[in-house]
Amino acid sequence: MKKKVIVLLLTFAMVFIVAGCSSKDNNEGASESVVVIAMGSGFSTLDPGFMYEQNPTLVANACYETLFKFIDGSDEPQTSLAESYTFSDDGLALTIVLKEEATFASGNPVTSEDVKFSLNRTKNLKGNPSFIADTIKSIECPDESTVVINLTGQDSAILSKLGYASCSILDSKVVKENGGTDAEDANTTDTAQVYLDATSAGSGMYVLKSYTPDEEIILEKNENYWGTTTNVDKYIIKLQGDANTQMMGLSSGDIDIALNLTDDTIIELEGKENVKVQNESTKTVGFLMMNEDEKIGGPVANNKVQKAISYAIDYKGIQTICGTGSITPESIIQVGFMGSKGEKDVSTATDLVKAKELLKEAGYEDGFDIDLEMSELDMEGVPLLDLAQIVKEDLSEININVNIVQRDWVAGYGDDYRDGKMGMTIIYWGIDYNDPNVQLVFLPGQQVGLRANWKEKGYEDITKKYNDILAETDSSKRSQLLVEVQDMIEEDSPFVMLAQASCHIGYNSKLTGVNFSDTYRVDVTEINIQ
Amino acid sequence: MIRSIIKLMKSNYLFTLGCFICLCWILAAIFADFIAPYGPITQDLSIRLNSPSLEHLFGTDNFGRDIFSRVIYGGRYSLLAGCVTVLLAGTIGSIYGAIAGYLGGVVDDIMMRLSEMILSFPSLILAMCINAALGSSLFNTMFALVIVAWPTYARLMRSVVLTVKENEYVEAARALGASKWRVLITEIIPNSVGSVLIMATTDLGNQILMFSTLSFLGLGSAPPTPEWGMMVSDGVNYFNKFWVAGFPGLAILTMAVGSNFIGDGLRDLMDPKLRKEF
């Protein structure tokens, strides 16, 4: 009995000791200015050379810098590490002069060799984001602060591409010491990912202190930062994407910035004094795709049927489901990009009479049955299946009986979609880099166009326009060309743009400079504590 | 039999309650077209996520659909899936078990090891795998449930048959010159089927739960089908709007509890030790 009592007391003692330790940890750091961010995960590396998903770009933007940057949500890239740039007359060479004062967190200066190393490494790693460097033929370094990028062909989006997270400039000396290489065989010989997952090697305002996948990222102020800094010393990024958890954390003050709220959780935050919310439309766009091949698409391969369907959809309903802040672009280029045809007027976009007329012309007066194949994916928190249910209801108005078929993304849907074997589906498209040219994949013969079996044959004039756009480096002329190419597909396109998803973010009102950005989620280098 | 059931209803109020609940759901499902005030998939986005009111007894969901109507219609799918699964699994399992038990020897060994192979998998995981492989639809979900459920019936039937086949009337039938199969069909199966029936009533609730679980996980019929499990999973995103998941959840609960009460009551009726009480 005595023994038992002693054991019991010892156990209690241990529990108290452990509890004491953990409460001490919690108080630590109260004097520093710390900002806690909650965001979704879905990525497994912070090495810029492998960075492809949207969430980690927040970290890349904090720890690294790129040659060009998108400031204040603008879609015009501004110089960042670059001081100035010039294109050669044929548009095939881009000469960039670097800022002399820029240094890495290690103290090394940012040189042209670092730029060459970083871009070549991204290209040669042959990872998901390597396509970004596809148009880069070679890189020369005439002197320490000048880089010449030779292109394989004219590329009017090259400045935007150089602002993409995976084009971050790495400290080549540090990365090479830790197994990094930019050689052609980097995909097999480069071993720096382990190092870059544990710490960063950039010139950004923050340094990566620790990264626990699917759990937490800690960033601390770069003591050697060469530019002007904000007053936030430390960021704790919790990888917790659940909207309800984020909402509760934000209202209790445990979280300062919540990036994945939904329309319904944001209502709960209304009227709370210490919380501000933002509903911004993103450039992630949900669209209905119909296969141009009659063997696969059946009736929806018919151009008139496609047009009829676009008239039958209730875009307002779609926007209601996508949440406050979502909008429908008029054509394939989203609102917010130059060359966009603007927002669709949802009050006049639906016209059932016209839709029925078009169906009649196409020979489907009595409608038809069609499968709508759907995956389980969601677009910024909105299940695509929800959009499918709206479309089903809308199309029943013009006697098209939609049968929703659920398929798993990994168990075949993904492959069939990419191989153009899907008759009709609703899916979303997130931009790879912040440039309207990225949307040209929706043209016949291009990446997404081919997924609808929309081939180049018969649309040679569109392809010509496409090449003109790639070659045009003057912004206003390019903008004009972009509008023209969208006019060309106005009457004939297998895609119906449904909505640009909205992003709901909430933050503590003590912070200033919190703004949603498609490229960086939020630009943490702009945030200050009041 | 009917007399003893009425007797049972008088003495066992849980059994009566179970019968009442199940009857309500069955009638609601059959006469859904007359009871439900709105169509189960009719959307009205202007009234989405409204709380329960006189116009919408159970409130409305994300698409402004009337949850009361959806719950009423939803009974059709759950009851259909539950009954079909139990019927098929019960029939297949009983015949399989009866053959194994009656023939005995090597045949019994092989047949029972085969069924134990299925039993050794966690049933929900196995059903999910089958469903995912075949693609999700109402039919495939029922198929998956049958595959998972029949071995339990086979085992039960086999153990009952093992005792029944030792009875004298079986021997008598055989002595009169009845063939092996005739004895099995006319003597053994009718005398063993009682316990399977009881198990089937209890199992009905389990199968409805299992079906709801699968459709909660997105492995049932495709939306906008008003299926209870799927409605609960829709409601998970609106946890501060209790009625979206709450009412379909309540429907699953009552249906499962109701059929369990019936099963329990029937077992009491069949149990010779307890039967004297009636």
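Scoring rules and cut-offs
- Residues numbered from 1 in each chain as written.
- Chains lettered and ligands numbered in written order.
- Predicted model: local features only at pLDDT ≥ 70, side-chain atom pairs only at ≥ 80, totals over all residues.
- Heavy atoms only, no water.
- Helix = DSSP H or I, 4+ residues; strand = E, 2+ residues; numbered from the N terminus.
- Buried < 20%, exposed > 50% of the residue type's maximum accessible area, 1.4 Å probe, protein only.
- Areas by Shrake-Rupley, 256 points an atom, 1.4 Å probe, with all protein chains shown as cover.
- Lys, Arg positive; Asp, Glu negative; His and termini not counted.
- Charge placed at Lys NZ, Arg CZ, Asp CG, Glu CD.
- UniProt positions renumbered as here; feature names shortened; annotations may be inferred.
- Axes fitted to C-alpha atoms, helices over the stretch in contact; angles between N-to-C directions.
- Parallel < 35°, antiparallel > 145°, perpendicular 65-115°, else oblique.
- Left-handed = near helix turned anticlockwise from the far one by under 90°.
- Contact = heavy atoms within 4.5 Å.
- Salt bridge = Lys/Arg side-chain N within 4 Å of Asp/Glu carboxyl O.
- Buried area = accessible area lost by both parts, 1.4 Å probe.
- Nonpolar A, V, L, I, M, F, W, Y, C, P; charged D, E, K, R; others polar.

**A short note on the overall build of chain B**
Each helix and strand counted, chain B has 12 helices and 0 strands in total. What you see in chain B, going N to C, is helices and strands ordered as α-α-α-α-α-α-α-α-α-α-α-α. For the C-alpha atoms alone, the extent of chain B along its principal axes is close to 75 × 45 × 25 Å. Sorting the 278 residues of chain B into buried and exposed places 47% on the buried side. Accessible surface, chain B: about 13600 Å² in total, of which carbon and sulfur atoms supply 69%. With 19 positive and 19 negative side-chain charges, chain B shows a spacing of 5 Å between the two charge centroids.

**Concerning the UniProt feature "transmembrane region" (unreviewed entry) in chain B**
Residues and elements named next belong to chain B. According to UniProt, the "transmembrane region" (unreviewed entry) feature falls on residues 12–36, 79–103, 124–150 and 242–263. Secondary structure content for residues 12–36 is 88% helix and 0% strand, and the end C-alpha separation is 32 Å. Its end C-alpha atoms 35 Å apart, residues 79–103 is made of 100% helix and 0% strand.

**Description of the packing of helix α18 (residues 460–471) of chain A against helix α19 (residues 475–488) of chain A**
Residues and elements named next belong to chain A. The interhelical angle for the contact between α18 and α19, taken along N-to-C directions, is 160°, at an axis separation of 10 Å. Classified by the angle their axes make, α18 and α19 are roughly antiparallel. The two elements α18 and α19 meet at a crossing, and its hand is left-handed. Contact residues: α18 offers D461, I462, K465, D468 and I469, while α19 offers R478, L481, L482, E484, V485 and M488.

**Some thoughts on the UniProt feature "domain: Solute-binding protein family" (unreviewed entry) in chain A**
Look at the UniProt record and you will see "domain: Solute-binding protein family" (unreviewed entry) annotated at residues 76–440 of chain A. The span residues 76–440 of chain A is 30% helical and 25% strand by assignment, and the distance between its end C-alpha atoms comes to 18 Å.

**Some points on the environment of L209(B)**
Mapping L209(B) onto the fold places it in helix α9 (residues 180–216). Here L209(B) falls in the partly exposed class, since its relative accessible area comes to 40%.

**Observations concerning the pattern of salt bridges**
Note on pairing: side chains with opposite charge can pair once their charged atoms come close. Residue and element names in this part refer to chain B. Under the criterion given, the structure shown has 25 salt bridges over all chains. A salt bridge links R70 to D61, with the nearest nitrogen and oxygen atoms 3.7 Å apart. With a relative accessible area of 2%, R70 lands in the buried category. The exposure class assigned to D61 is buried, which follows from its relative accessible area of 7%. Among the salt bridges present, the one from E116 reaches R155, with a minimum N-O distance of 3.7 Å. Here the residue E116 occupies a position in helix α5 (residues 105–119), and R155 occupies one in helix α7 (residues 138–164), the gap between them amounting to 39 residues. Salt bridges sharing partners connect three or more residues here, namely D109, R113, E116 and R155.

**What to know about the interface of chain A and chain B**
In this assembly, 17 residues from chain A lie in contact with 21 residues from chain B. Across the interface of chain A and chain B, roughly 1700 Å² is buried in total on both sides, 51% from carbon and sulfur atoms. Tallying contributions element by element places helix α15 (residues 384–396) of chain A first for the side of chain A that touches chain B, with 6 residues. Here the side of chain A that touches chain B is built from residues that sort into 6 nonpolar, 5 polar and 6 charged.

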